[in-house]
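As a plain string of letters, each chain reads:
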Amino acid sequence: MTRLALDQVTDFGDFTRGKDLNEFLKQTFINKSSRNGLSDVRISPDGRHIHVILRKPKCGLMTFDKFQRPHLIQCQKYLDLLLTKTSPVVDVVYLDNNKDSGVAVLTVVFENGKAEFWRFWERKSGWHLLQTVDLCNSPRARVISVCVSLNFIAWCEERPPSESSSALGPNRNNFRYCICKRTFEVDEGGVSLGGVKISLHNNPRYTVISSGENVYLFSEDIKDTSPGTVCKFFLTWSPQNDVFRVSSTCEGVLHQRASPGQRESDFKGLVTDCIGALSTINPPAICGYASTGNGGLLFLLSSGWVCEMQKDGVLRRIYKLPDNCLASGWTHNSLSVYHDILALTVGKTLYLIDTKCGRELEKIPLKRESVLFVNSLENHTPHLLSDSGLFVVMHRDTDLKNKPSPGHGEAVSSDAVLVEAVFEEACKYYQQRSLGSTQLTAEKLKKGGMFQAPLSLAAILRDYLSGQKPADTAKGNGGNDKLLCSLEGELKSLVALEDVKVALAKASEKDLEGLGEALVQQEVGRLLGSEVDRLENLIHLNFIFQTFPDEAWHALQAALQLRCNGEGSLSSRAPAEVWKSVLAPIPSVTSFHQQPHPHHHHHRHRRHHNGQQKQAPVNVALPVFELLCHSVFRFQPDWLPRFLELAQEQAGSCSASSTWSYGVKESGDSLPLYRRALTVLPDGGGGHEHQDLEVELLLCSRRPNAVMQALRILMGQQQWERATRVAERFCRQSPLLNKEIFTTLLCEVAHHRHLDPYLDLLWALCPEDVTVTSILNIVLKNLPASPAPPAGGGGGAWAGGGGAREGSPSAGPFPSQSSQLTIGLLKPLLNKVLLRETKPSQRYADILQSPTFPPPTPPRQAKGLPRPATEPALLDQPQDASRPRTSSRPVVTPSVNPV
C-alpha cells in the first residue's frame, strides 16, 4: 500500500550562501514573525532562485541561487539590492519569454515606480541588469502591488492627492488609487513596454493577484468584513477585455461590467450598480488565497471552507477544515493546487485534498510553518519551503516488498471509503439520539460491539463490493445473506452511482454533458426514493435543482415517469413510495419560505380562506413538492395545473391506504396542495398570463373558497364569459356553493350591465331555496348610488333603491343611463321564483301518494315454544278477513286479561 509523505530535496547546501538563507529563516521563526517573513519569500518558476524581500528596518532584496555547475558558484554575481536603492522593493515577478531558447526575465518593481529587468546566465556568472524603466507615468506615483498576466504588467498605484482633496474630507484619500496596465514583449536585447493605460479610477488600496488571463483585486485588510467596508467583496479583472466583475465569497459573481469603449471605469460607478446586493450579504473573511494558474483562485475562509473561484465566476466548495483549525487569527497558512490535488498548510499541518470530490488524501504533520510553491518542471507535485530546506510530496510504499501495491490513484480503495462512510453516518445517527455527552467515534463503533447495525451493514457492503455471493457471505458472517438479498437493489443503485461518478471524473469534454445528466438523474431518483424529509437530503436535493436545472428537469420526468397524452392531462407510473416523498405535508404553522431561486426573485404570498400564509426562516430549504413545482413552472408552465391534478389524484388514492393516510392526508395543520403550488407563481410582473395560471390552479383544487377566489379574479379581469362557464360548471358541485356563486353574480348584475348577455344562464342557476324577497334584498343592497333626476321628472321609489343610502335622490324605474338595473331585466327571474313559490311543494309527494297509511302489518310466525305466561291463541290467531280495514283508523284489539 502507498501513502503520501514528504521527502527533502535540499537543505539549501547547494544554493549560494545557503547557510545565510537557513539562518535568516530560522531567525524569522525565533522572532515569531514567520507570517510576515514567509509572505515576503518568492521562488522562481523553476525552483532555482529564492528571493527574500526585506521590509523593515532595512529595505532591499536578497537572492539565493542554485547552480547546475557547482564550480561556478565562486564567481557568481549576486543580485543583492540591500543598500543600492533608496526606494523599497514592492515585489519581484518573472516575465515569460514564450521562446524555447530564452531565459525568464526577473522584474524588480520599486515603490517609486522604477522597474529593473534582470536576467540570469549561469555561464556569465549570475545576474545581469538588462535595463531600468519608469513603470508609471507620474513621477509622484507610488506603486502598491504588481503582478504579471499573460503579456500585461498590471499594478495598483497611488496617485498624489490633489489640492482640493483636503476640502473633500479624509475619506477622499482612501480612494486615490488606480489600476494600471502595460503590455510587454521579451526579446534577447531586453524588454519592450507598451503605453500606460488606467483601467480603474478612484479605487481603494488593492493587492493584485494574477491567475491566467484574470487578475484579482483584494483589499489590504481582507479580514475586515464589517458593514460599510470594501472588504465584503473583491474584483476580478480581465486586462485583455477590461471587464470587471464584483464578487463575494458567499454569493460568487454579483455584477459584471465592461469598460465603455476607450474610457476607463470608475470604482464608484462599478460598486453603485450592485450596492443593493452588497448591503444584504455577510460573507466570511478571507484568511488566505492563491492562484490556480488557469484563471481561477483558491480561498481559505474564516468558516473553515476552502473554495475555488473558477475563471467563469462559479464559486465551488472543495473542503471543510475542522472547526478549531482557524481558532487563532494569526495562524500561518498557504495553499496551492497541483493538477487534481489541493495542498493546504495551516500552522504545522499539511492537508492533501482531492479537488474532484473533496476527499482528504493525507494529513502530514510539519515541524515548522512552510510555504507552498509550484515548480514548473514538476507542476503536478506539491513543493514546500521551510527553514530547513525544500521538500516534495511523494508516494511512499508502506507495505512489504513482496505484497502487491496499488497504483497512485488507488491509495484508498472505494469499498474502504464506503465502509468508513457507513460508520460516520452511524455516528451521526446515534449521537442525535444519545442522552449522554460522550462523543461517539467510528473507532468506538467498530470496537465496542454494542452497535451491531453498522457492523452488519459495513460487512454486507464490503462483501458485496468484493464480489462474494450470499452463500459465501452466510458462512463467514452468520446469516448476512438475508440482509444482502433485501438490500441488493439499493446496493446496485449505489454501485451504479459510484461508477457514474468515476466515469464523470475521467470523462472528456464531449462525454461530460451526457454523464452529468445521468448522474443527476440517478441522484434525484435515489433521493426521491429515500427519506427525503431528512434535512440533509432535502438540502442536497435543493442544491441539485439549483445547480443543474436542465438536468434536474429531465430527472424529474424520469423519476415520476410523467407522460402527457393528447388531451393535455398527465399520467404517472411512479411507485407509491416516490409519491409519498413528493406529497409530504408541511404544517401551516411552520410554513415554508422559498430560498432565492435561480428562476425568479419574488414569491407570491396570497390571502386565502385560512388566512395569510405564514413565513418561516429564510434558510429553510424548499419542500419537495414546491421544488418540483418550480421546475415544472420554469420548463413547462402549462403542465402546472395538470401536475397539481395528478398530485391530488395520487394523494387521494394514497390516503385510502392505511399505510399512507398519515403521510399525505390533509388536515387542519397542513397546507392544501393548491396553496403550495400557488407559491411558485411570481408576485407581479406576470400580467394576465400568470393570473390565468393562478385561476387554473384554484379551479383544479375544486374547493369552494378556491373556486370563489378564481371567480372573483375572472370578474376583476372582466372575463364574463369564462366566469359564467365556471359558475355553470361548479354550481352542480354543492347547494351551498351554488347559492354563493349565484349571490355573487347577482351582485355584479346590480352594479353594471356586462352580464346582460348571460342573464338567461344566470337565472337558470338560481337555487331552489331562494325567494323573491331575498333576491330583492340582494339587489337593493348592491345598487350603486343613483344620479339626480332630471328637472320636472317624477322620481320612482324602486330604482333609487329602498336599500340605497338615505338622502340619495331617486331616478325612477327606467333611467336613461344604461348602467342601471331595471325591472325588465329582473322580470324573468322574479316570474320563475314566484311560479315556483305558488306551486305546491313536491318534496314530500311520494309520502302523500302512498296507497295505504300506515303500511300493512307484515305476517307473523311463531318462533320456538311460547312462554307459559302467554296466551298463544291470542297472539297467533289470524285476523278475520271479513272485518273491514280503513287507512285512517287501524283496528284495535281489546286487551285480554289472562287471569
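For clarity, every value in this text was computed on a predicted model and none was experimentally measured.

Novice: Would you mind going over the overall build of the chain in detail, with residue names and values included?
Specialist: Assigned secondary structure in the chain consists of 27 helices and 34 strands. Relative to its full complement of 899 residues, the chain shows a buried share of 43%. When contacts within the chain are restricted to residue pairs at least 6 apart in sequence, long-range pairs at least 24 apart make up 56% of them. Here the chain displays about 49,300 Å² of accessible surface, and carbon together with sulfur accounts for 52% of that area.

Novice: Can you break down the sheet that holds strand β8 (residues 126-134) residue by residue, with the values?
Specialist: Here we have 4 strands laid out as an open sheet, ordered β5-β6-β7-β8, and antiparallel in their pairing. Strands at the two margins of the open sheet, each flanked by one partner only, are β5 (89-95) and β8. The average angle at which neighbouring strand axes cross in this sheet is 25°, direction not considered. Of the pairings in the sheet, the one linking β5 to strand β6 (residues 105-110) comprises 6 bridges and is antiparallel in character. Looking at β6, one finds that Tyr-94 is bridged to Leu-106.

Novice: With reference to specific residues and values, describe the packing of aromatic side chains.
Specialist: One pass over the full model with this rule turns up 16 aromatic pairs. With a centroid separation of 6.1 Å and 80° between ring planes, the pair formed by Phe-12 and Phe-15 is classed as edge-to-face. Note on Phe-15: relative accessible area 4%, which makes it buried.

Novice: Tell me about the pairing of strand β10 (residues 152-158), and name the residues and values.
Specialist: With respect to burial, β10 is a largely interior element, 7 of its 7 residues being buried. Alternating residues of β10 divide into Phe-152, Ala-154, Cys-156 and Glu-158 and Ile-153, Trp-155 and Glu-157, and every residue in both groups is buried. Relative to β10, strand β9 (residues 142-149) is paired through 7 bridges, and the arrangement is antiparallel. Within β10, the position partnered with Ser-149 by the bridge is Phe-152. Between β9 and β10, which pair antiparallel one after the other, the connecting turn spans 2 residues, and Leu-150 there sits at a positive phi close to 55°. In terms of strand pairing, β10 meets strand β11 (residues 177-186) through 7 bridges, oriented antiparallel. Each bridged residue has a counterpart across the sheet, and for Trp-155 the counterpart in β11 is Cys-180.

Novice: Account for unusual backbone geometry, naming residues and giving values.
Specialist: Even without being glycine, Leu-150 reaches a positive phi, approximately 55°. Within the fold, Leu-150 resides in the loop between β9 and β10. For Leu-150, a relative accessible area of 46% gives the class partly exposed. Although it is not a glycine, Asn-202 adopts a positive phi angle of roughly 55°. Considering the arrangement of structural elements, one finds Asn-202 in strand β13 (residues 197-203).

Novice: Describe in detail the pattern of salt bridges, supporting the description with residues and values.
Specialist: In the structure shown here, the tally under the stated rule is 22 salt bridges. Arg-55 serves as the salt-bridge partner of Asp-40, at 3.3 Å between the closest nitrogen and oxygen. Remark: Arg-55 occurs in the loop between β3 (49-54) and β4 (60-65) and Asp-40 occurs in the loop between α2 (34-39) and β2 (41-43); sequence separation between them is 15 residues. A salt bridge links Asp-340 to Lys-356, with the nearest nitrogen and oxygen atoms 3.5 Å apart. Of this pair, Asp-340 sits in the loop between β24 (333-338) and β25 (341-346) while Lys-356 sits in the loop between β26 (349-354) and β27 (360-365), and the two are 16 residues apart along the sequence. Residue Asp-340 is classed as partly exposed on the basis of its relative accessible area of 26%.

Novice: Describe helix α25 (residues 823-838), and please don't skip the residues or the numbers.
Specialist: At Leu-829, α25 is bent by approximately 30°, the largest bend along its length. Taken as a whole, α25 has its buried residues at Leu-826, Leu-829, Leu-830 and Val-833. If you follow the buried residues of α25, they end up packed against α22 (735-751), α23 (759-764) and α24 (772-782).

Novice: Account for the packing of α24 against α25, with residues named and values stated.
Specialist: Each pair of packed helices can be summarised by the angle the axes make with each other and by the distance between the axes. Two elements in contact, α24 and α25, have axes whose closest approach is 9 Å; the angle formed by their N-to-C orientations is 155°. By the angle between their axes, α24 is roughly antiparallel relative to α25. Between α24 and α25, the residues in contact are Val-772, Ile-775, Leu-776 and Val-779 and Leu-826, Leu-829, Leu-830, Val-833, Leu-834 and Glu-837, respectively.

Novice: I'd like a rundown of the environment of Ala-677, residues and numbers included.
Specialist: Note on placement: Ala-677 falls in helix α18 (residues 673-678). When the C-alpha atoms of Ala-677 and Leu-697 are compared, they prove to be 7.6 Å apart, with 20 residues separating the residues in sequence. In contact with Ala-677, not counting residues within four places along its chain, are Phe-625, Cys-629, Leu-644 and Leu-697.

Novice: Can you lay out the side chain of Asp-65 for me, pointing to particular residues and giving the numbers?
Specialist: Tracing the sequence through the fold places Asp-65 in strand β4. Summary of buried charges: Asp-65 has no salt-bridge partner, and the nearest side chain of opposite charge, Arg-17, is 6.3 Å away. Side chain to side chain, Asp-65 and His-49 meet in a polar contact 2.7 Å long. At a separation of 3.2 Å, a polar atom in the side chain of Asp-65 contacts the side chain of Trp-127.

Novice: An account of the sheet that holds strand β20 (residues 286-291) is needed here, citing residue identities and associated values.
Specialist: Pairing is antiparallel across the open sheet formed by 4 strands, whose spatial order is β20-β21-β22-β23. Lying at the two open borders of the sheet, with one neighbouring strand each, are β20 and β23 (315-320). Geometrically, the sheet is characterised by an average inter-axis angle of 25° between neighbouring strands, direction not taken into account. Pairing between strand β22 (residues 305-309) and β23: 5 bridges, direction antiparallel. Across the sheet, Glu-308 pairs through a bridge with Arg-316, a residue of β23.

Novice: For helix α12 (residues 535-547), give the residues involved together with the corresponding values.
Specialist: With 13 residues, α12 extends 18 Å from end C-alpha to end C-alpha; this agrees with the ideal 18 Å at 1.5 Å per step. Here α12 has its buried residues at Asn-537, Leu-538, Leu-541, Asn-542, Ile-544 and Phe-545. On an axial view of α12, the arc spanned by its buried residues comes to 160°, and they lie on one face. Opposite the buried face of α12, by more than 90 degrees, sit the exposed residues Leu-535 and Phe-543. The inward-facing, buried residues of α12 contact α11 (509-528), α13 (549-560) and α15 (624-635).

What counts, and where the lines are drawn
- Residues numbered from 1 in each chain as written.
- Predicted model: local features only at pLDDT ≥ 70, side-chain atom pairs only at ≥ 80, totals over all residues.
- Heavy atoms only, no water.
- Helix = DSSP H or I, 4+ residues; strand = E, 2+ residues; numbered from the N terminus.
- Buried < 20%, exposed > 50% of the residue type's maximum accessible area, 1.4 Å probe, protein only.
- Contact = heavy atoms within 4.5 Å.
- Areas by Shrake-Rupley, 256 points an atom, 1.4 Å probe, with all protein chains shown as cover.
- Pairing = 2+ DSSP bridges.
- Axes fitted to C-alpha atoms, helices over the stretch in contact; angles between N-to-C directions.
- Phe/Tyr/Trp six-rings, centres within 6.5 Å; stacked < 30°, edge-to-face > 60°.
- Salt bridge = Lys/Arg side-chain N within 4 Å of Asp/Glu carboxyl O.
- Bend = angle between axes of the 7 residues up to and from the residue.
- Parallel < 35°, antiparallel > 145°, perpendicular 65-115°, else oblique.
- Lys, Arg positive; Asp, Glu negative; His and termini not counted.
- Polar contact = N/O pair within 3.5 Å; in protein donor to acceptor, adjacent residues only side chain to side chain.
- Expected span 1.5 Å × (residues − 1).
- Arc of directions from axis to C-beta.

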